[in-house]
Amino acid sequence: FSTVLSLITLIHTDELGPALDFVWRHSEIHLHFFMFSVCSTIGQILIFYTIKNFGAVVFTIIMTTRVLLSIALSCMLYGHKVSSTGFLGLMVVLGAVCYRIKKKVEGKHLIKWQGMEDTKAHELVQEWHEHVD
């Protein structure tokens, strides 16, 4: 899908010719294409592994933490500025991630189910929580 989308974009912006010309003039880029493909494939496998074995919530926490660290590192290394609104947003996200981790460590669920009396419904909720957590 991404290949087709990239091709359409290159054709639409009249950049397909220069891009192909660049690839033909610089044959060493083929190694970079190959390495990029290998890294992308390994990344996708690790994403699927993480979601299958630890759940989507853990994966979301990992990715959110990665983005927060990336932003912090970018600010420290390159002197990028974060506005006060942006900083507030980062703190809200960091707070939500920390709260989720705290609840997970305590063994509590974020969603409390009310009005479920029979055991079958309770088992269903427990099974759903196992997939969410």
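Remember, predicted model here, so these are calculated numbers, not experimental data.

The rules we used
Counting restarts for each chain: residues are numbered from 1 in the order of the written sequence. Thresholds applied to this predicted model are a pLDDT of at least 70 for local features of residues and 80 or more for the giving and counting of side-chain atom pairs; totals over whole chains, interfaces and linings are not thresholded and use all residues. Water and hydrogen atoms were dropped before computing side-chain values, which therefore reflect all heavy atoms in the structure. In this description, a line fitted to the C-alpha atoms serves as the axis of each element, helices being fitted only across the stretch in contact, and the angle between N-to-C directions of two axes falls anywhere from 0 to 180 degrees. Every helix listed is a DSSP run of H or I at least four residues long, and every strand listed is a run of E at least two residues long, numbered separately from the N terminus. An angle counts as roughly parallel when it lies under 35 degrees, as roughly antiparallel when it exceeds 145, as roughly perpendicular when it falls between 65 and 115, and as oblique in every other case. Here, two residues are considered to be in contact whenever any of their heavy atoms come within 4.5 Å of each other. Think of it as three bins: nonpolar holds Ala, Val, Leu, Ile, Met, Phe, Trp, Tyr, Cys and Pro, charged holds Asp, Glu, Lys and Arg, and polar takes everything else, Gly as well. Stacked, edge-to-face and tilted are the three classes for Phe, Tyr and Trp ring pairs, Trp counted by its six-membered ring, which pair at centre distances within 6.5 Å; planes under 30 degrees apart are stacked, over 60 edge-to-face, the rest tilted. Buried means the residue's accessible area, taken with a 1.4 Å probe over protein chains only, is under 20% of the maximum for its type, while exposed means over 50%, and partly exposed covers the values in between. Two distance rules govern patches: like charges are joined within 9 Å, and nonpolar side chains (Val, Leu, Ile, Met, Phe, Trp, Tyr) within 5 Å, applied only to residues with over 30% relative accessible area and no salt bridge. The accessible surface values rely on the Shrake-Rupley method and a 1.4 Å probe; as for residues, cover is taken only from the protein chains in view. A carboxyl oxygen of Asp or Glu within 4 Å of a side-chain nitrogen of Lys or Arg is what we treat as a salt bridge. Each crossing gets its hand from how the near helix is turned against the far one by less than a right angle, where anticlockwise is left-handed and clockwise is right-handed.

Q: What exactly am I supposed to notice about the packing of helix α3 (residues 29-54) against helix α4 (residues 56-78) here?
A: Think of two packed helices as two axes; the pair is described by the angle between the axes and how far apart they sit. In the contact formed by α3 and α4, the axes pass within 7 Å of each other and the chain directions differ by 130°. Taken together, the axes of α3 and α4 lie oblique to each other. In this structure, α3 uses Ile47, Thr50, Ile51 and Phe54 to contact α4, whose residues at the interface are Ala56, Val58, Phe59 and Ile62. Considered class by class, the residues forming the contact of α3 with α4 number seven nonpolar, one polar and no charged.

Q: Quick question: what am I supposed to make of the packing of aromatic side chains here?
A: In this description, a pair of aromatic rings is defined by centroid distance and the angle of the planes. Tallying each qualifying case throughout the model produces one aromatic pair. Measuring from centroid to centroid gives 6.5 Å for Tyr49 and Phe54, while their planes differ by 75°, and the two rings are edge-to-face. We classify Phe54 as partly exposed; its relative accessible area is 46%.

Q: For this particular structure, what's the right way to read a nonpolar patch on the surface?
A: Among the surface-exposed residues, Leu73, Met76, Leu77 and Tyr78 lie close enough to one another that they form a single nonpolar patch of about 510 Å² accessible area. Considering the arrangement of structural elements, one finds Tyr78 in helix α4. By relative accessible area, Tyr78 is classed as exposed at 61%.

Q: What is the right way to look at the packing of α4 against helix α5 (residues 84-106) in this model?
A: For the pair α4 and α5, interaxial distance at closest approach is 11 Å and the crossing angle is 145°. Classified by chirality, the crossing of α5 by α4 is left-handed. Across the interface between the two elements, Val57, Val58, Ile61, Thr64, Thr65, Leu68 and Ile71 of α4 pack against Leu90, Val93, Leu94, Val97, Arg100, Ile101 and Lys104 of α5. In terms of residue class, the contact of α4 with α5 is made up of 10 nonpolar, two polar and two charged.

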